[in-house]
There are 2 protein chains.
Amino acid sequence: MGGLPAFESDTEWLRGEGAACDVVMSSRVRLARNLAGIPFAPKMSDDDREEVLERSRAQILAGGVHPKVMWIDLRQISPLERSVLVERQLISGQLASGKAFGHSGGGRGAGEKRARGVAVGLPDERLSIMVNEEDHLRIQVIRSGLGLAQALEEVVRADDALEAGLDYAFGARFGYLTCCPTNVGTGARFSVMMHLPGLRLTGEIEKVKRAADDMGLAVRGFHGEGSETTGDLYQLSNQTTLGKSERVLLSEIEREIVPRVADYERHARRVLTERRREVLEDQVHRAIGTGLHARLLATGEAMAVLSAVRLGAVLGVVEGIDQSAVNALMLAVQPAHLQRVLGRELNQQERKGERATLVRERLARALGAG
Amino acid sequence: MGGLPAFESDTEWLRGEGAACDVVMSSRVRLARNLAGIPFAPKMSDDDREEVLERSRAQILAGGVHPKVMWIDLRQISPLERSVLVERQLISGQLASGKAFGHSGGGRGAGEKRARGVAVGLPDERLSIMVNEEDHLRIQVIRSGLGLAQALEEVVRADDALEAGLDYAFGARFGYLTCCPTNVGTGARFSVMMHLPGLRLTGEIEKVKRAADDMGLAVRGFHGEGSETTGDLYQLSNQTTLGKSERVLLSEIEREIVPRVADYERHARRVLTERRREVLEDQVHRAIGTGLHARLLATGEAMAVLSAVRLGAVLGVVEGIDQSAVNALMLAVQPAHLQRVLGRELNQQERKGERATLVRERLARALGAG
């Protein structure tokens, strides 16, 4: 497991700090950019991709973008290591496999050899820049808690530093040109990861998802597009970027929609705490029982356990929990991280056993019982 | 909760002793008898029932039937106390409500006032004699483990002692006459309560139930006729009593059918232990986790937890368990016993909470963790 260096600290989005962190796990801003004079992804040749990679890498490492950057050529690390990057939310599944839009064809594993990379800002992994995903460049900043404005500021700084040495495709009429029309314009996507266990327990989650949809937000699972909800974590993000300025979009999401959903969730939690206290306590303690005793745990169930523990900690059902240890476990139970921690590849059944052992030990410690 | 006296020790069938007690919880023999010259249940008047009750009571208490007997007039105890007797397997649900076959009509609660009673042999509650159930007399003996022959011996002794002072309805052609034709002849029903968690976990339980059915046995849940399976406990019993001698019936069940089912169960457990050890351990430890942490427990789930703990103890998955404490819990979690222990009536939601508390405390003690 050689290619991928060790990370320096916990990834930013799991810190559990920041505004509204009782409900909001993290906020992410992502910009889509393309280099002028080079075809967009569907029409790129291998040489085009090499050129984008080389020019981007040079500019990223030139020093102005971020004080300390880890550059990773995704062709030079193993599939498992690429999955570690996906689980840390640093790259997309499409970039990992090389099967981003426009990279299809060539059969199974053909994406492996395509030129693509990612730059990760250290030590906190807040900044990451994907090269040769659906667009030539995708620049993202993740912050813990609700903090889209700060994230936008940081991502714009990185974008300016990149633009200082790279010529972006830009049209006077549409703004930044992107591969997929939904990203044209500002090229900005705002996402907020929310923890909504209360709404699930009161049975209102579907209603809130529909309401968010009506307000123009996409609601997705933990790993973004097409992924299952796991651990009651939902990603809310804007669907289109054309026709609204970044500031208007951001303000709508950060000041109106997310606070409203957060208030729904807080209301659901209040209902549980005040009127259905024993159901709430039962759910939280059962989850602890499963976490401390199960011998086999699938990822989804482990996430559900940790979600309930997190809810129990926030609502004071269980006291003295080391919340950062629980947050770190949310990442550690993911398949690739689990195998990285153990230093070897495991089949699914082995992973279930090792995951249960990991959760048993770390949860006991986090609860102060170990 | 005054009417029903305290019991002197644990009820026999939960001791977990005796032959084949890894799979067989208990063995029961029940005889159906009716007094000559008095109509059978469907045609009985109130006076007839009073007469049967009085004559039976006098003979039972005359001294020859059992050294120490507790006589309970079921009209003089509360519905909750009658339910305690049902849960201890001393009387049927029909006798408790007064709605045994032939006692119907008269509207809700009309059965309450019908003359009916039960005699319980002390201290171990092995013997019980129901008066004015479907038949005038139903005499049963329960033994822990597989022991139909000994139970038959005991029940025949009690029957002889009763017959010494009571004139039974008997026909030369059919033998003992009973209310329901399936009991005519010997009037004997043999039941064996088996604990079959292995067959459920390997998915073979339905096959075994069909096989038992083919061999002329009825397979029922924990509380007999019409009851749901709970805690992987199954009652196997003969369906008819006419045309076969008691000895032949008994020998078939005790020496052929039950050992065969027990061997299926042991085979399933071996498969689990040898080939699916981690699934077995996971199931047992998850059950322990639920038992030690849940805040709300329905009866069925509590029984499932205790069933898994029992399996884990028998197979050595968990060590140092106080098995008799686990057995006693199987009775203590039943609704009426729970309320009797707490000394007050509880609604269903309250019972779930109190049951969870009871299981948490007693299971922790039984596991040596409390």
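Residues numbered from 1 in each chain as written. Chains lettered and ligands numbered in written order. Predicted model: local features only at pLDDT ≥ 70, side-chain atom pairs only at ≥ 80, totals over all residues. Heavy atoms only, no water.

Now for the interface of chain B and chain A. The interface of chain B with chain A comprises 17 residues on the first partner and 17 residues on the second. Both sides together, the interface formed by chain B and chain A hides about 1500 Å², and carbon and sulfur atoms give 52% of it. Of all residues in chain B, B:R286, B:H293 and B:R295 bury the most surface against chain A, accounting for 38% of the area lost on that side. Taken together, the links from chain B to chain A amount to 2 salt bridges. When the shortest N-O distance is used, the salt bridge between A:R286 and B:E301 registers 2.7 Å. (Contact = heavy atoms within 4.5 Å. Buried area = accessible area lost by both parts, 1.4 Å probe. Salt bridge = Lys/Arg side-chain N within 4 Å of Asp/Glu carboxyl O.)

This part covers the sheet that holds strand β2 (residues 69–73) of chain A. Residues and elements named next belong to chain A. Strand order in the open sheet formed by 8 strands is β2-β3-β4-β5-β1-β8-β10-β9, with antiparallel pairing between adjacent strands. Looking at strand neighbours, the two that pair on one side only are β2 and β9 (217–220), the edges of this open sheet. Here the average twist between neighbouring strands, direction ignored, is 20 degrees. As defined by bridge partners, strand β4 (residues 127–131) adjoins strand β5 (residues 137–144) across 5 bridges and the pair is classed as antiparallel. Opposite I129, over in β5, you have I139 as the bridge partner. The sheet contacts of helix α7 (residues 246–275) involve β1 (24–33), β8 (188–195), β9 and β10 (233–238), and relative to β8 the element is tilted by about 10 degrees. (Pairing = 2+ DSSP bridges. Helix = DSSP H or I, 4+ residues; strand = E, 2+ residues; numbered from the N terminus. Axes fitted to C-alpha atoms, helices over the stretch in contact; angles between N-to-C directions.)

Turning next to the environment of A:S56. Residues and elements named next belong to chain A. Here S56 is to be found in helix α1 (residues 46–61). On the accessibility criterion, S56 (0% relative accessible area) is buried. Each residue touching S56, except ones within four places of it in the same chain, is listed here: L35, V131, L137 and L166. Side-chain polar atoms of S56 contact the backbone oxygen of V52, separated by 2.7 Å. (Buried < 20%, exposed > 50% of the residue type's maximum accessible area, 1.4 Å probe, protein only. Polar contact = N/O pair within 3.5 Å; in protein donor to acceptor, adjacent residues only side chain to side chain.)

Turning our eyes to something else, we now look at the packing of helix α4 (residues 148–163) of chain B against helix α7 (residues 246–275) of chain B. All names here are of chain B. The N-to-C vectors of α4 and α7 enclose an angle of 150 degrees; their axes lie 10 Å apart at closest approach. The angle between α4 and α7 falls in the class roughly antiparallel. On α7, the residues touching L148, A149 and L152 of α4 are E246, R247, L250, I253 and E254. In terms of residue class, the contact of α4 with α7 is made up of 5 nonpolar, no polar and 3 charged. (Parallel < 35°, antiparallel > 145°, perpendicular 65-115°, else oblique. Nonpolar A, V, L, I, M, F, W, Y, C, P; charged D, E, K, R; others polar.)

Now for the relation of the copies chain B and chain A. Two copies of a chain can be linked by a rotation about an axis combined with a shift along that same axis. Of the transformation placing chain B onto chain A, the axial shift is 0.1 Å and the rotation is 180 degrees, giving an RMSD of 0.0 Å. On the angle and the small slide along the axis, the relation comes out as a two-fold axis. Measuring from the rotation axis to each C-alpha of chain B, the shortest distance belongs to B:G289, at 2.1 Å. Take the interface residues of chain B: 100% of them recur as interface residues in chain A, which is what a same-surface contact looks like. (Least-squares fit on C-alpha atoms with pLDDT ≥ 70 in both.)

Residues and elements named next belong to chain B. Checked against the element boundaries, G18 lands in the segment before β1 (24–33). Judged by relative accessible area, which is 44%, G18 ranks as partly exposed. In contact with G18, other than residues within four places in its own chain, are S144 and G145.

Turning our attention to the packing of aromatic side chains. The final tally for this structure, using the stated rule, is 0 aromatic pairs over all chains. Against the face of A:F7 rests A:R88, its NZ or CZ located 3.9 Å from the ring centre. (Phe/Tyr/Trp six-rings, centres within 6.5 Å; stacked < 30°, edge-to-face > 60°. Lys NZ or Arg CZ within 6 Å of the ring centre and 35° of its normal.)

Turning our eyes to something else, we now look at α1(A). All names here are of chain A. Helix length check: α1 (16 residues) gives 22 Å between terminal C-alpha atoms against 22 Å at 1.5 Å per residue, within 8%. Buried within α1 we find D48, R49, V52, L53, S56, Q59 and I60. Viewed end-on, α1 has its buried residues packed into an arc of 145 degrees, placing them on one side of the element. The exposed residues of α1 that point more than 90 degrees off its buried face are D46 and D47. Those residues of α1 that are buried are in contact with β2, β3 (117–121), β4, β5 and α4 (148–163). (Expected span 1.5 Å × (residues − 1). Arc of directions from axis to C-beta.)

This brings us to the pattern of salt bridges. Where charged atoms of side chains with opposite charge meet at close range, the side chains can pair. Residues and elements named next belong to chain A. This model, assessed by the stated rule, comprises 49 salt bridges over all chains. A salt bridge links R200 to D232, with the shortest nitrogen-to-oxygen separation between them at 2.5 Å. Placement of the pair is R200 in helix α5 (residues 197–201) and D232 in the loop between β9 and β10, with a sequence separation of 32 residues. Look at R200 and you get partly exposed, because its relative accessible area is 40%. One salt-bridge network, in which partners are shared between bridges, spans E12, D124, R126, R143 and E154.

So, on to the sheet that holds strand β2 (residues 69–73) of chain B. Residues and elements named next belong to chain B. If you trace the 8 strands from one edge of the open sheet to the other, you get β2-β3-β4-β5-β1-β8-β10-β9, paired in antiparallel fashion. In this open sheet, the two edge strands, each paired with only one partner strand, are β2 and β9 (217–220). The mean angle between the axes of side-by-side strands here comes to 20 degrees, regardless of whether they run parallel or antiparallel. The sheet contact formed by strand β8 (residues 188–195) and strand β10 (residues 233–238) spans 5 bridges and is antiparallel. Its bridge partner lying in β10, H195 is registered against L233. On the sheet, helix α6 (residues 205–214) packs against β9 and β10 and is oriented at approximately 145 degrees with respect to β9.

All right, on to the nonpolar core then. Counting 53 residues, the largest nonpolar core has A:I129, A:F190 and A:M194 as the members making the most contacts within it. In terms of residue count, the dominant contributor to this core is α7(A) (8 residues). In contact with A:F190, not counting residues within four places along its chain, are A:R28, A:V29, A:L148, A:L152, A:L236, A:S237, A:N238, A:E246, A:L249, A:L250 and A:I253. In this structure, B:L127, B:I205, B:L236 and B:I253 belong to the second largest nonpolar core, which totals 52 residues. (Core = buried A, V, L, I, M, F, W, Y, C linked by side-chain atoms within 4.5 Å.)

Residues and elements named next belong to chain A. When cut into domains, chain A gives domain 1 (14–265) and domain 2 (277–367). Here the C-alpha centroids of domain 1 and domain 2 sit 27 Å apart. With 20 residues of domain 1 at the interface, the matching set in domain 2 holds 18 residues. In total, domain 1 and domain 2 occlude about 1800 Å² of area from one another, counting both sides; carbon and sulfur atoms represent 65% of this. Linking domain 1 with domain 2 are 0 salt bridges, by the criterion used here. Connecting domain 1 to domain 2 are 8 residue pairs in polar contact (both at pLDDT 80 or more). Every element with two or more residues in the side of domain 1 that touches domain 2 is listed here: α2 (79–87) and α5. (Domains from an automatic or database assignment.)

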